[in-house]
Amino acid sequence: MSTASSSASARTYEVRTYGCQMNVHDSERLSGLLEDAGYAKARAGQQADVVVFNTCAVRENADNKLYGNLSHLAPIKQANPDLQIAVGGCLAQKDRDTITKKAPYVDVVFGTHNIGSLPVLLERARVQEEAQVEILESLEVFPSTLPTKRESAYAAWVSVSVGCNNTCTFCIVPSLRGKEKDRRPGEILAEIEALVAEGVTEVTLLGQNVNAYGVEFGDRQAFSKLLRACGEIEGLERVRFTSPHPAEFTDDVIDAMAETPNVMPSLHMPLQSGSDRVLKAMRRSYRSTKFLGIIERVRAAIPDAAITTDIIVGFPGETEEDFQATLDVVRESRFASAFTFQYSKRPGTPAADLPDQISPEVVKDRYQRLVDLVNEIAHEENKKNVGRTLELMVAEGEGRKDAETHRLSGRAPDNRLVHFNSAGAEGVRPGDMVKVEITYAAPHHLVADSPVLEVRRTRSGDAWEARQVVSTSSTNGASASVGLGMPSVGVPAPLPAAPACG
């Protein structure tokens, strides 16, 4: 880290992130790059000298949201020409030619393949006093080699691959992120070991199609081998991964999950639709029977597994019969939760030009019926946990009402969110482990209102505490506040996978 970042005169930065987990992880790299170049994170409420938008092209109205947020900065930029604005990510990759036309005050536009260029582009824009647009068509440096400033002291994202070889008709990600590029297993494991040495005890393996890992170097069982290798890393307590694709989800992965103790009993398995006809139109290379077979085999091998999913409602040509087929699969799958999306056209995707686009009124009605069913089943599944004793990893920033309810929050092994009574947990820190008895279930969380049964202080908690000491002694004013054991601001709550990323 550059010593300039601790200087009171260092230029400050802010990174605003939109979209999926891959973007969240990319933003950690952008922050690391900027701090390595001498920038300091802006304090909350402070206008940063550099504002970076890490964009998503998958979310509905993504471009409108970007230009709306950019317009709010226009008068600030006019009053302070030294303010620099950079736009990166998937929308920048897609709209490279239009961003500076619609927002001529933007200084830098960079794509998904060259996030490492940001500091150089900012300096070049400042010296030359003109916008810098640099979009590469393919990856030159794997992003994980770049400096990273992680938001969490105890949990980390680790990319195993970038890009995707699928051709789903609703998805624009392959054209923006490119074909799948796999890291070698040794590089991944070395990164995880380094993270564990820093105090991390939970990692989430990331890939646009994570279980296809190994396709580039010809090993169809590379992902299951990687999971088993994670089980050999001393001090790594929890391993998760997202997002797999049903077409390539094989039994060796299920076996590895079941037989590797630190691989958590949680699985995100995108369904998208329960109708075989719609799945074919989506160019999803599996059908409902295969999907349900995966769910059945996972539950047989891992009875306590919590399975979550993505579902798109109102894909072009979807009939009421097709929609009912989706509801049938939801009933049979018993998802712990589902990220549900109303289909909307994405320019540049084949589905945008399909006939029989569904009316917004019909889509909205089906969406509400799906949400009602998902919530009903999730509530029923959550109720099965009442009376159980669960070990939680204490979380930071996930209990928005913790201060007023005098509770703390944590994640169970199956990734369910639990709000728990802080009695008996005095001095507990994010990253520490607690055992609690579940007393109440809601559709989207569990509650443990009895006193904590057991506290286990961890190296992750030590790392969190050490980070607070460094932050409060920092002279640049860009530090996080001390939470005194009460989780506040830190690692973001898990973002829903974009409907294109599974």
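Nothing here was measured: the structure is a model prediction, and the numbers come from that model. (Residues numbered from 1 in each chain as written. Predicted model: local features only at pLDDT ≥ 70, side-chain atom pairs only at ≥ 80, totals over all residues. Heavy atoms only, no water.)

### Describing the sheet that holds strand β7 (residues 155–159)
By way of backbone hydrogen bonds, the strands of a sheet pair with one another, either parallel or antiparallel.
Logical step 1: Spatial ordering of the open sheet is given by β7-β10-β11, a layout of 3 strands whose pairing is parallel. Two strands lie at the open edges of the sheet, namely β7 and β11 (238–242), each paired on one side alone. On average, adjacent strands in this sheet sit at an angle of 25 degrees to one another, irrespective of strand direction.
Logical step 2: In terms of strand pairing, strand β10 (residues 202–206) meets β11 through 5 bridges, oriented parallel. Looking at β11, one finds that V203 is bridged to V239.
Logical step 3: Helix α1 (residues 21–36) rests against β7, β10 and β11 of the sheet, and its axis sits at about 100 degrees to β7.
Logical step 4: Contacts from helix α7 (residues 185–197) reach β7 and β10, with the element oriented near 165 degrees to β7. (Pairing = 2+ DSSP bridges. Helix = DSSP H or I, 4+ residues; strand = E, 2+ residues; numbered from the N terminus. Axes fitted to C-alpha atoms, helices over the stretch in contact; angles between N-to-C directions. Contact = heavy atoms within 4.5 Å.)

### Quick notes on the UniProt feature "binding site: [4Fe-4S] cluster 2" (unreviewed entry) in the protein
Logical step 1: Here, the residues flagged by UniProt with the feature "binding site: [4Fe-4S] cluster 2" (unreviewed entry) are C164, C168 and C171.
Logical step 2: Mapped onto the elements of the fold, C168 is located in the loop between β8 (161–162) and α6 (173–177).
Logical step 3: Excluding residues within four positions of it along the chain, C168 makes contact with M282, R283 and R284.
Logical step 4: Inspection of the secondary structure puts C171 in the loop between β8 and α6. (UniProt positions renumbered as here; feature names shortened; annotations may be inferred.)

### Comments concerning the nonpolar core
Logical step 1: Within the largest apolar cluster, 87 residues are counted, with the highest numbers of intra-cluster contacts made by I192, L205, L227, F241 and F249.
Logical step 2: In this structure, V394, L408, V434 and A448 belong to the second largest nonpolar core, which totals 16 residues. (Core = buried A, V, L, I, M, F, W, Y, C linked by side-chain atoms within 4.5 Å. Buried < 20%, exposed > 50% of the residue type's maximum accessible area, 1.4 Å probe, protein only.)

### Section: the sheet that holds strand β13 (residues 306–313)
Logical step 1: Read from one edge to the other, the open sheet built from 3 strands follows the order β12-β13-β14, with strand pairing classed as parallel. A single partner strand is all that each edge strand has here, and the edge strands are β12 (266–268) and β14 (337–342). Going across the sheet, the axis of each strand differs from the next one's by a mean of 10 degrees, ignoring polarity.
Logical step 2: Of the pairings in the sheet, the one linking β13 to β14 comprises 6 bridges and is parallel in character.

### Describing the pairing of strand β17 (residues 417–421)
Logical step 1: Judged by how many residues are buried, β17 sits mostly within the fold: 4 of 5 residues are covered.
Logical step 2: Taking the residues between adjacent antiparallel strands as the criterion, strand β16 (residues 407–411) and β17 are bridged by 5 residues, where N415 takes a positive phi near 80 degrees.
Logical step 3: Pairing geometry for β17 and strand β20 (residues 446–448), over 3 bridges, is parallel. Across the sheet, the residue bridging to H419 is V447, located in β20.

### Here's the deal with the environment of A425
Logical step 1: Here A425 lies in the loop between β17 and β18 (433–437).
Logical step 2: For A425, a relative accessible area of 5% gives the class buried.
Logical step 3: Contacts of A425, omitting those with residues within four sequence positions, involve F420, V452 and V455.

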